[in-house]
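The chain contents come next:
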Amino acid sequence: MNKTAKIWMNGELIDWIDAKIHILSHVVHYGSSTFEGIRCYETSKGSAVLFLDEHIKRLRDSSKIYRIEIPYSEQELKDAVIKIIHANSHKACYIRPLVYRGQGAVGVNPHRASVEVAIATWEWGAYLGDDVLENGVDVRVSSWNRPAPNTLPAWAKAGGNYLNSQLIKMEALMDDYAEGLALDVNGYVSEGSGENIFVVRDGIIYTPMSAQSILPGFTRYAVMHIAKELGYEVRETLIPREALYIADEVFLTGTAAEITPVRSIDKYPIGNEKRGPITEALQHAYLKIVQTGEDPYNWLTFI
Ligand code: PMP
């Protein structure tokens, strides 16, 4: 990762090297953080943050689930995001707001620990590797499930949830797959370690329901919206594992992954083992918004 000049921490812009926390911070011991992953694109009309309002709202919602009160308003956080992008002179970047429980007590009870907020940025290319947006990735179904709904709340984008994601990702990478797909507690398809999933068969687009231990992603939302505008039928439904193997097209969505085609799953070839036509149409419409800055849906915040 390339260092940036500054990181926003608790209202101050501080030098990258000074953005440190104490070893006895609650988050280090118990994973008590919430965070976001946001992108700023360099569009033809200038730099713009995609889904800024929505990401900041999700950060607040994730924090609320864990009874964390963020000591800044949503507007203050949005202003801080824009401020740190300018401070680091980015035209395009990835943005990582982080809320975490700091010092005060090292017991499990989080209420005695302070609440701290930081926002970092960095330059970033394609998440799952170069050229994948065209050629697709090879993935496997993970031996790890997503946490059951009454264990860890999937709608909260919380640090601790990503221990499960790490198991899924490491297992996939060790076997030379780009990503792992987790099933939910009932054995239905849920999501990737950091992406939502879509399955296309006979012209209809399927995606798991939001209650199936997924993070309801904004890229997922964007794809569903664009797909309907393009005239496709989109169904949120239970997807059995075997539906993956006989799909015409499968793709993953996420702020980082954007719309990444899947060319094989567990070594079953998907479609023609390259980006399918519906994936391509959706990718084209999505990338057009973030590249040209022509934004019919008001998803961009120009900075
Ligand atoms: N699921 C998980 C587990 C994720 O970490 C992400 C990335 N934030 C997503 C789905 C996709 O969400 P979004 O499109 O909002 O980035």
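Conventions we followed
Residues numbered from 1 in each chain as written. Predicted model: local features only at pLDDT ≥ 70, side-chain atom pairs only at ≥ 80, totals over all residues. Heavy atoms only, no water. Helix = DSSP H or I, 4+ residues; strand = E, 2+ residues; numbered from the N terminus. Rg over C-alpha atoms; globule rule 2.2 N^0.38 Å. Buried < 20%, exposed > 50% of the residue type's maximum accessible area, 1.4 Å probe, protein only. Contact = heavy atoms within 4.5 Å. Areas by Shrake-Rupley, 256 points an atom, 1.4 Å probe, with all protein chains shown as cover. Lys, Arg positive; Asp, Glu negative; His and termini not counted. Charge placed at Lys NZ, Arg CZ, Asp CG, Glu CD. Domains from an automatic or database assignment. Salt bridge = Lys/Arg side-chain N within 4 Å of Asp/Glu carboxyl O. Polar contact = N/O pair within 3.5 Å; in protein donor to acceptor, adjacent residues only side chain to side chain. Expected span 1.5 Å × (residues − 1). Arc of directions from axis to C-beta. Near = heavy atom within 4 Å. Nonpolar A, V, L, I, M, F, W, Y, C, P; charged D, E, K, R; others polar. Pairing = 2+ DSSP bridges.

> Would you take a moment to explain the overall build of the protein for this structure?
When helices and strands are counted, the protein shows eight helices and 17 strands. Its C-alpha radius of gyration of 19 Å places the protein within 12% of the 19 Å reference for a compact globule of 303 residues. Out of the 303 residues belonging to the protein, those deemed buried represent 50%. Sequence-distant contacts, at least 24 apart, represent 69% of the contacts inside the protein between residues at least 6 apart. Put simply, the protein shows about 14,200 Å² of open surface, and 51% of that area lies on carbon and sulfur atoms. Separation of charge centres in the protein, based on 30 positive and 38 negative side chains, amounts to 4 Å.

> Which parts of the structure should I look at to understand the domain arrangement of the protein?
Think of interface size as the accessible area that goes away when the parts come together; that is how it is often given. When its domains are assigned, the protein resolves into domain 1 (6-122) and domain 2 (132-292). Measuring from the centre of the C-alpha atoms in domain 1 to the corresponding centre in domain 2 gives 26 Å. Listed as interface residues are 22 residues of domain 1 and, on the opposing side, 23 residues of domain 2. Counting across the interface, domain 1 meets domain 2 through one salt bridge. Across the pair arginine 39 and glutamate 258 runs a salt bridge, and its minimum N-O distance is 3.7 Å. The tally of links from domain 1 across to domain 2 stands at nine residue pairs in polar contact (both at pLDDT 80 or more). Among the secondary structure elements, those contributing two or more residues to the side of domain 1 that touches domain 2 are strand S3 (33-35), strand S4 (38-43) and helix H2 (52-65).

> Would you mind going over helix H3 (residues 74-87) with me for this structure?
An α-helical segment advances 3.6 residues per turn. Residues three or four places apart therefore align on the same side. Look at H3: 20 Å from first C-alpha to last across 14 residues, which is about the 20 Å you get at 1.5 Å a residue. Within the span of H3, buried status applies to Leu77, Lys78, Ala80, Val81, Ile84 and Ile85. One face of H3 carries all of its buried residues, which in axial projection span an arc of 155 degrees.

> Could you clarify how one ought to interpret the site of the ligand in this entry?
Around the ligand, the structure places 16 residues, and the nearest of them are Tyr162, Glu191, Phe218, Thr219 and Thr255. Arginine 58 is positioned such that a nitrogen or oxygen atom in its side chain is 3.1 Å from an oxygen atom of the ligand. Here an oxygen atom of the ligand sits 2.8 Å away from a polar atom, N or O, in the main chain of phenylalanine 218. Surface burial for the ligand is 94%, taken as the share of its 380 Å² of free accessible area covered by protein chains. Mapped by element, the contributors of at least two residues to the shell around the ligand are helix H6 (218-229) and strand S14 (249-254). Residue composition of the shell around the ligand, grouped by class: three nonpolar, eight polar and five charged.

> Whenever I open this one, the pattern of salt bridges confuses me. Can you help?
One side chain can pair with another of opposite charge once the charged atoms of both are near each other. As enumerated under the stated definition, the model contains 16 salt bridges in all. A salt bridge links lysine 6 to aspartate 15, with the shortest nitrogen-to-oxygen separation between them at 2.6 Å. You can call aspartate 15 partly exposed: its relative accessible area is 36%. For glutamate 179, the salt bridge goes to lysine 169, with nearest N and O atoms at 3.4 Å. In this pair, glutamate 179 sits in strand S9 (residues 179-183) while lysine 169 sits in helix H5 (residues 162-174), placing the two residues 10 residues apart along the sequence. The class of lysine 169 is buried, set by a relative accessible area of 19%. Each of Lys57, Arg60, Asp61 and Glu74 takes part in salt bridges that share partners, so that together they form one network.

> Got a minute to help me understand the pairing of S4 in this structure?
Along a regular strand, successive side chains alternate from one face of the sheet to the other. Here S4 lies mainly inside the structure; five of its six residues are buried. One ladder, built from three bridges, connects S4 with strand S6 (residues 93-101); its direction is antiparallel. Its bridge partner being in S6, cysteine 40 is matched across the sheet by cysteine 93. Relative to strand S5 (residues 46-50), S4 runs antiparallel, the two being bridged by four bridges. Of the residues in S5, the one forming a bridge with glutamate 42 is serine 47. Between S4 and S5, which follow one another and run antiparallel, lie two residues.

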